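Residues per chain, in single letters:
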Amino acid sequence: MELIQETPDLSAYLAADEVIDHDHPLVRETAARLAEDVQDSYAYARAAYEYVRDTIPHSADSGDPRVTWRASDVLEQRTGICYAKAHALAALLRAEDIPTALCYQRLAHDDGGGHAVHGLVAVRFNGAWHRQDPRGNKPGVDARFSLDGERLAWIPDAKSSEVDYPVLYAVPHPAVVRALKAAPDRPALWKTLPTAL
């Protein structure tokens, strides 16, 4: 699949905003701490990815009812669903001047009862975008940081009406942000997740 930048302006994929708030002190402190032990931007990107994937539980896996959406809140509260974790990773990467996009998949629910949009990021290295899935591993899910072929949590199945969306967004999709902001808790969010983009 060919990934398509929403905007040709690469600086848009480095910007801070209300959601990807990499100008927040906690994001800056976390990024600086992760950068201390690495030798280059590739190693930093892997360290940031593994930090978000492995130390911030996916709230559905952990049973945490809280809904986070702003990157700094995800880092502070140490919880989030796929979108929130993608926002946190994007902020950590952008804090170290690594262009990062938000991207999405449409996946079937485990019980086969409908679909939901799943959030990822894409990082830009060597003139190309590389998608990464920081949602967190669990039995049956083994996502890894990779610049040499994708190692995502899921590969969409067209027979099940699953889709890889090719657009690389500079800001989180408005439907995602609306759902996260409006939900009082994760059970309520589960009823209002976007089903398609």
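Relevant structure appears above.
Residues numbered from 1 in each chain as written. Predicted model: local features only at pLDDT ≥ 70, side-chain atom pairs only at ≥ 80, totals over all residues. Heavy atoms only, no water.

*Asks:* Could you give me a rundown of helix α6 (residues 174–182), with the residues and numbers involved?
*Replies:* All of the buried residues along α6 are Ala175, Val176, Val177, Ala179 and Leu180. Buried-residue contacts for α6 involve α5 (82–95), β2 (100–108) and α7 (186–192). (Buried < 20%, exposed > 50% of the residue type's maximum accessible area, 1.4 Å probe, protein only. Helix = DSSP H or I, 4+ residues; strand = E, 2+ residues; numbered from the N terminus. Contact = heavy atoms within 4.5 Å.)

*Asks:* Report on the nonpolar core, specifying residues and quantitative values.
*Replies:* Core analysis: the largest hydrophobic core is formed by 50 residues, its most contacted members being Tyr83 and Leu92. Of all the secondary structure elements, the ones that give two or more residues to this core are α1 (25–36), α2 (41–55), α4 (71–77), α5, β2, β3 (115–125) and α6. The element best represented in this core is α5, accounting for 11 residues. Other than its neighbours up to four places away in sequence, leucine 92 contacts Val27, Thr30, Ala31, Leu34, Tyr44, Ala48, Tyr51, Val52 and Leu75. Residues Ala101, Trp129, Leu152 and Ala170 belong to the second largest nonpolar core, which totals 10 residues. (Core = buried A, V, L, I, M, F, W, Y, C linked by side-chain atoms within 4.5 Å.)

*Asks:* Kindly report on unusual backbone geometry, identifying the contributing residues and their values.
*Replies:* The phi angle at arginine 78 is positive, at roughly 55°, despite the residue not being glycine. When you line up the elements, arginine 78 lands in the loop between α4 and α5. On the basis of relative accessibility, which here comes to 32%, the residue arginine 78 falls in the partly exposed class. The phi dihedral of serine 161 falls on the positive side, at around 60°, and the residue is not glycine. Note on placement: serine 161 falls in the loop between β4 (128–132) and β5 (163–164). With relative accessibility at 39%, the residue serine 161 sits in the partly exposed group.

*Asks:* Tell me about the pattern of salt bridges, and name the residues and values.
*Replies:* If you walk through the whole model with that rule in mind, you get 11 salt bridges. Residues aspartate 64 and arginine 66 are paired through a salt bridge, measuring 2.7 Å at the closest nitrogen-oxygen approach. Note on arginine 66: relative accessible area 36%, which makes it partly exposed. When salt bridges with common partners are traced through the structure, they connect Glu18, Arg70, Asp73 and Lys181 into a single cluster. (Salt bridge = Lys/Arg side-chain N within 4 Å of Asp/Glu carboxyl O.)

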